[in-house]
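A closer look at the structure
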Amino acid sequence: STQTITNGIDLAGEGGMVWIKERTRSGTTHDIYDTERGAGNWITTTTGAASAQPSGKGLTAFTSSGFSLGQGHNGTENSSGQDIASFTFRKKSGFFDCLTYSGNYTAGRTVSHSLGSVPAMIIVKCTSGAEDWAVYHQGSNGGTNPENYKLILNNTSAAASGYWNSTAPTDSSFTVGAQGEVNGSGATYIAYLFADNSSEDADDQMIKCGSFTGTGSAGLEVNLGWEPQWVLIKNASRATEWMMQDTMRGMSHNGWKYLIPNDNSAESGSASNKVVPTATGFTVNNNGSSAFGQSGDTL
């Protein structure tokens with residue numbers, strides 16, 4: 001039936017994005033809703049499918065303190081008795097922005113944004129057709145010319161060339177090439193932009209996007225400058241899953257459960273496979289696996 005989720009975030013007034021995943025059953029998708037496309041319009045990270053509109057189902061409204069749900073489409077957001085996770089990103093300068101644009105299939109097309117800083121990660125999805133999820137990340141290739149590289153959210157591919165017209169984003173725009181994934185003629189797109197707070201933002205640290213090098217050993221410490229609540233990791237050097245952890249679902253010394261944005265599986269994990277938050281970042285305690293970095297890998 002219908003349900004109201006109260007998380008204290010003003011999505012109706014400020015705008016933003018909600019990411020929802022059922023935790024307990026495999027075969028359920030990761031679904032994203034945002035205020036730019038409007039409630040009721042969902043898009044899944046596990047495939048390249050276009051945006052869909054489940055009438056009266058899924059996320060049905062953005063509110064001043066969270067969001068409202070109808071029945072889950074295919075039972076994924078509000079199925080009776082199931083455990084469900086949601087991650088909410090409110091639009092805020094220096095933190096997160098989302099926007100829509102139309103493609104023109106012209107290399108060098110610039111797209112304006114309101115992030116208020118240079119984006120550190122950009123996720124773009126064609127909403128009008130079936131295309132892969134395109135990801136720019138400033139840590140690709142270890143941070144050297146990341147604008148020359150792409151990652152794909154809906155599959156396991158390593159970083160490869162493409163999509164951003166070899167042009168670094170700025171504090172007011174980002175640039176796309178002439179590919180259907182980011183700039184097809186007449187196609188429509190949604191873009192999610194994530195900031196990277198610098199050391200000068202020490203009193204207001206909220207978000208970091210960076211990279212680290214695998215050592216092949218447990219206990220690798222990654223320094224952010226503060227303790228995180230949500231961590232998304234992708235090995236950019238080889239074909240591996242995207243791994244998502246958060247403190248609400250138990251990212252701790254007692255073991256953790258990961259979700260995989262490119263896969264419909266239920267959450268899973270064990271005490272030996274975990275990311276442990278610290279006061280200054282997190283420790284990767286399974287460094288040496290392909291997903292968390294064999295020696296020399298860029299993550």
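Here's a quick rundown of the structure. Given the structure is predicted, the values throughout are model-derived calculations rather than measurements.

About the criteria used
- Residues numbered from 1 in each chain as written.
- Predicted model: local features only at pLDDT ≥ 70, side-chain atom pairs only at ≥ 80, totals over all residues.
- Heavy atoms only, no water.
- Salt bridge = Lys/Arg side-chain N within 4 Å of Asp/Glu carboxyl O.
- Helix = DSSP H or I, 4+ residues; strand = E, 2+ residues; numbered from the N terminus.
- Buried < 20%, exposed > 50% of the residue type's maximum accessible area, 1.4 Å probe, protein only.
- Pairing = 2+ DSSP bridges.
- Axes fitted to C-alpha atoms, helices over the stretch in contact; angles between N-to-C directions.

Attention now goes to the pattern of salt bridges. Counted by the stated rule, this structure contains 9 salt bridges. Glu-267 is paired through a salt bridge with Arg-249; the nearest N and O atoms lie 2.8 Å apart. Taken together, the positions of Glu-267 in the loop between strand 18 (243–246) and strand 19 (275–278) and Arg-249 in the loop between strand 18 and strand 19 put the pair 18 residues apart, joining distant regions of the chain. Pair check on accessibility: Glu-267 and Arg-249 agree, each one buried. Among the charged side chains, a salt-bridge network with shared partners connects Arg-23, Asp-246, Arg-249 and Glu-267.

This next bit is on the pairing of strand 2 (residues 16–22). The buried fraction of strand 2 is high, at 7 of 7 residues. Side chains Gly-16, Val-18, Ile-20 and Glu-22 of strand 2 all project onto a buried face; the interleaved residues Met-17, Trp-19 and Lys-21 project onto the opposite face, where all are buried too. Bridging between strand 2 and strand 7 (residues 84–90) involves 7 bridges; their strand directions are antiparallel. Residue Ile-20 lies in a different strand from strand 7, and its bridge partner there is Ser-86.

Another point: the sheet that holds strand 20 (residues 281–284). Across the sheet, which stays open at both edges, the 3 strands sit in the order 16-20-19 with antiparallel pairing between neighbours. With partners counted over all chains shown, the strands left at the sheet margins are strand 16 (220–223) and strand 19, one partner each. For this sheet, the mean angle separating the axes of adjacent strands, direction not counted, is 25°. Alignment of strand 19 against strand 20, held across 4 bridges, turns out to be antiparallel. Bridge assignment links Thr-278 to a residue of strand 20, and that residue is Gly-281.

So, about the pairing of strand 15 (residues 188–194). The buried fraction of strand 15 amounts to 6 of the 7 residues, a majority that puts the element mostly inside the structure. The sheet contact formed by strand 8 (residues 96–102) and strand 15 spans 7 bridges and is antiparallel. Note that in strand 15 the partner of Phe-96 across the bridge is Phe-194. Relative to strand 15, strand 10 (residues 121–126) runs antiparallel, the two sharing 6 bridges. For Cys-126, the partnering residue across the bridge sits in strand 15 and is Tyr-189.

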